[in-house]
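Letter by letter, the chains look like this.
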Amino acid sequence: MSTQYRYMLGNTTYQFRNLGNLMAKATPARSGDRLAGVIAGSAEERAVAQMALAELPLKTFLNEALVPYESDEITRLIIDSHDLNAFASIAHLTVGDFRNWLLSDRATPDALASIRAGVTPEMAAAVSKLMRNQDLILVAKKCHVSTAFRNTIGLPGHLSTRLQPNHPTDDVNGIAASMLDGLLYGSGDAVIGINPATDNVAQTVKLLKLMDDVIQKYAIPTQSCVLTHVTNTLEAIELGAPVDLVFQSIGGTEATNSSFGFDLAILAEAQEAALSLKRGTVGNNVMYFETGQGSALSANAHHGLDQQTCEARAYAVARRFDPLLINTVVGFIGPEYLFDGKEIIRAGLEDHFCGKLLGLPMGCDVCYTNHAEADQNDMDNLLTLLGVAGCSFIMGIPGSDDIMLNYQTTSFHDALYARRVLGLSAAPEFERWLREMEIFKNGAGHVLYDQLPPAFSRSLASLPRGKTHA
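Residues numbered from 1 in each chain as written. Predicted model: local features only at pLDDT ≥ 70, side-chain atom pairs only at ≥ 80, totals over all residues. Heavy atoms only, no water.

Chemist: Whenever I open this one, the overall build of the chain confuses me. Can you help?
Modeler: The number of helices and strands found in the chain is 22 helices and 14 strands. Computed over the C-alpha atoms, the radius of gyration of the chain is 22 Å, within 12% of the 23 Å expected from 2.2 N^0.38 for a compact globule of 470 residues. Expressed as lengths along the three principal axes of its C-alpha atoms, the size of the chain is roughly 80 × 45 × 45 Å. Looking at the chain as a whole, 60% of its 470 residues are labelled buried. (Helix = DSSP H or I, 4+ residues; strand = E, 2+ residues; numbered from the N terminus. Rg over C-alpha atoms; globule rule 2.2 N^0.38 Å. Buried < 20%, exposed > 50% of the residue type's maximum accessible area, 1.4 Å probe, protein only.)

In structure tokens form, the structure reads like this:
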């Protein structure tokens, strides 16, 4: 047992088995770490662990792997891709010093961008454990990350939305109605993305064609995605389907990703296939990833680590493939991992901070399940905090109730609220389209027209009675 992870407080000596144990004990309390048996035994032990962690040199994370290098391709990715030149300016710091530097005026957006490749996910996770919520917000706000495909996501002063027109039977009319509803509230610039109720290649192709028809007909500067398994998307590309973005849920250990049915080589193949289609107009970021604290534990693939550290390691996977979008589905896995509104809010801010610090276009599905001790007021709080912190995108679902996945998230109205109260805009190309289509009034902020846009009116009027396809 290493003396490096020993801390004396008065007459009491606290001993932590290893770096992973120290990280876990220093993590703010959450139900998933309690379930895993790695949580601090008391508030005092947590505070001591945070003090010990604050004194730890950042270089420690380059010398001690939390998951063995030999048996985990995510660890190998983290170590092998680490940029020592980018790390040089912060190499002399402890974790506590790093926190102080991040909060200082010296950590400008340019300075933060210059160190990204030198910061490992474990370093980001460690420093987040020493931060209050306001610290996480302040630093994330200074991290500017933008990506592009048919529009530009993540620019300062902008908040994008994923229009999520899910339907429990993949009914074309229901999906089309939700798409129209979302577009009329200014949602959909991040992506129009469907979680298919029937998850196979044929259904993937059908849904892709539906979304592409709408995007092309109305010249919408956005992108589509069916959130199916990466191997299904690869088959869809081979069949000539109009694939914009490749989706995959990812985790922070090789074992987690194996349980999801993929590895880094498959992601690389999919990225290459999507790039070969050349469907982007202003950029070529073609990947979309989702993550969530607790995924590694639920797969019994956490290696004794706390769930937030595992989550941060997933961002190494995302960073490798230059995604257009990545979001933490923060409260989706359930109260076994994040029990209540307080834990969900904290986790959302942690994930957003770590992703932005590592150079990712970080969004958040501000959400909870119906058996969690949370409600829409908690989600309003997290949405507002993330908007202040410079979050790249959020979800948009009719009435904030996903009737296919059975969870609560943010609505089209919520996105409009955030843009109005915080003075944020949609992606620039999409914002122009909203005004040209007469959805938003020119020069009037986020004020909607009181009549259906002419282009949509003509389409609806031309439909035979009983049909509602957009």
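Chemist: Explain the side chain of threonine 204 to me, please; I cannot follow it from the model alone.
Modeler: Looking at where threonine 204 falls in the secondary structure, it is placed in helix α12 (residues 201-217). Excluding its chain neighbours within four sequence positions, the residues that come into contact with threonine 204 are Asp199, Val226, Thr228 and Ala236. (Contact = heavy atoms within 4.5 Å.)

Chemist: Just to check I follow, could you spell out α12 for this structure?
Modeler: For an α-helix, 3.6 residues make a turn, and residues three or four places apart therefore share a direction. The end-to-end C-alpha distance of α12, which contains 17 residues, comes to 24 Å, matching closely the 24 Å that a straight helix rising 1.5 Å per residue would cover. Taken as a whole, α12 has its buried residues at Val201, Gln203, Thr204, Val205, Leu207, Leu208, Leu210, Met211, Asp212, Val214 and Ile215. Contact partners of the buried residues in α12: α11 (172-184), β6 (191-194), β7 (224-226) and α13 (230-238). Residue asparagine 200 occupies the N-cap position of α12, its side-chain oxygen lying 3.3 Å from the main-chain nitrogen of alanine 202. Just beyond α12, the residue with positive phi is alanine 219, at close to 50°. (Expected span 1.5 Å × (residues − 1). Polar contact = N/O pair within 3.5 Å; in protein donor to acceptor, adjacent residues only side chain to side chain.)

Chemist: Looking at this structure, I do not really get α13. What am I missing?
Modeler: Turning to α13, its buried residues number three or more, namely Val230, Asn232, Thr233, Leu234, Ala236 and Ile237. Along its buried surface, α13 packs onto α12, β8 (246-249) and α15 (264-277). Phi turns positive one or two residues past the end of α13, at glycine 240, with a value near 85°.

Chemist: Looking at this structure, I do not really get the environment of alanine 54. What am I missing?
Modeler: Within the element layout of this structure, alanine 54 appears in helix α3 (residues 43-54). Remark: the alpha-carbon pair of alanine 54 and aspartate 97, spanning 43 residues in sequence, is separated by 7.5 Å. Each residue touching alanine 54, except ones within four places of it in the same chain, is listed here: Thr94, Val95, Gly96 and Leu130.

Chemist: Explain the packing of aromatic side chains here, please?
Modeler: Aromatic ring pairs are reported here in terms of the distance separating the ring centres and the angle at which the planes meet. Summed over all chains, the structure comprises seven aromatic pairs. Between phenylalanine 98 and tryptophan 101 the ring centres are 6.4 Å apart and the planes differ by 15°, which places this aromatic pair in the stacked class. In this pair, phenylalanine 98 and tryptophan 101 are both assigned in helix α7 (residues 95-103), three residues apart and thus about one turn of the helix distant. Considered together, phenylalanine 98 and tryptophan 101 belong to a single accessibility category, that of buried residues. Ring geometry for phenylalanine 247 against tyrosine 288: centres 5.4 Å apart, planes inclined by 70°, an arrangement best described as edge-to-face. Of this pair, phenylalanine 247 sits in strand β8 while tyrosine 288 sits in strand β9 (residues 287-291), and the two are 41 residues apart along the sequence. (Phe/Tyr/Trp six-rings, centres within 6.5 Å; stacked < 30°, edge-to-face > 60°.)

Chemist: Is there a simple way to think about unusual backbone geometry in this case?
Modeler: Across residues other than glycine, the phi torsion is negative in most instances, and most of the peptide bonds are trans. Its identity is not glycine, yet aspartate 322 carries a phi of approximately 45°, on the positive side. Inspection of the secondary structure puts aspartate 322 in the loop between α17 (307-320) and β10 (325-329). Note on aspartate 322: relative accessible area 47%, which makes it partly exposed. Despite not being glycine, serine 400 has its phi angle at roughly 65°, a positive value. Assignment of secondary structure puts serine 400 in the loop between β12 (393-396) and β13 (401-402).

Chemist: Honestly, the environment of alanine 427 in this entry has me stumped. Any pointers?
Modeler: In this structure, alanine 427 sits in the loop between α20 (412-422) and α21 (428-436). Sequence-wise, alanine 427 and histidine 158 are 269 residues apart; in three dimensions their C-alpha atoms are separated by 6.2 Å.

Chemist: Is there a simple way to explain the pattern of salt bridges in this structure?
Modeler: A side chain of one charge can pair with a side chain of the opposite charge if their charged atoms are brought near each other. This model, assessed by the stated rule, comprises 13 salt bridges. Here glutamate 350 ties to arginine 30 by a salt bridge, and the two come within 2.7 Å at their closest N and O atoms. Pair noted here: glutamate 350 is in helix α18 (residues 341-357) and arginine 30 is in the loop between α1 (19-26) and α2 (31-36), with a separation of 320 residues, a long-range link. Grouping residues by exposure puts glutamate 350 and arginine 30 together as buried. (Salt bridge = Lys/Arg side-chain N within 4 Å of Asp/Glu carboxyl O.)

Chemist: Could you clarify how one ought to interpret the pairing of β10 in this entry?
Modeler: The side chains of a regular strand alternate between both faces of the sheet. Most of β10 sits out of view: five of its five residues are buried. On β10, burial covers both faces: Leu325, Asn327 and Val329 on one face and Ile326 and Thr328 on the other are all buried. The pairing of β9 with β10 spans four bridges and is parallel. By the bridge assignment for β10, glutamate 290 is matched with asparagine 327. Examined bridge by bridge, β10 and strand β11 (residues 362-365) share four bridges and lie parallel to one another. Bridge pairing in β11 places valine 329 opposite aspartate 365. Tracing the backbone out of β10, into α18 and back to the parallel element β11 gives a crossover that is right-handed. (Pairing = 2+ DSSP bridges. Right-handed = clockwise from strand over helix to strand, strands pointing away.)

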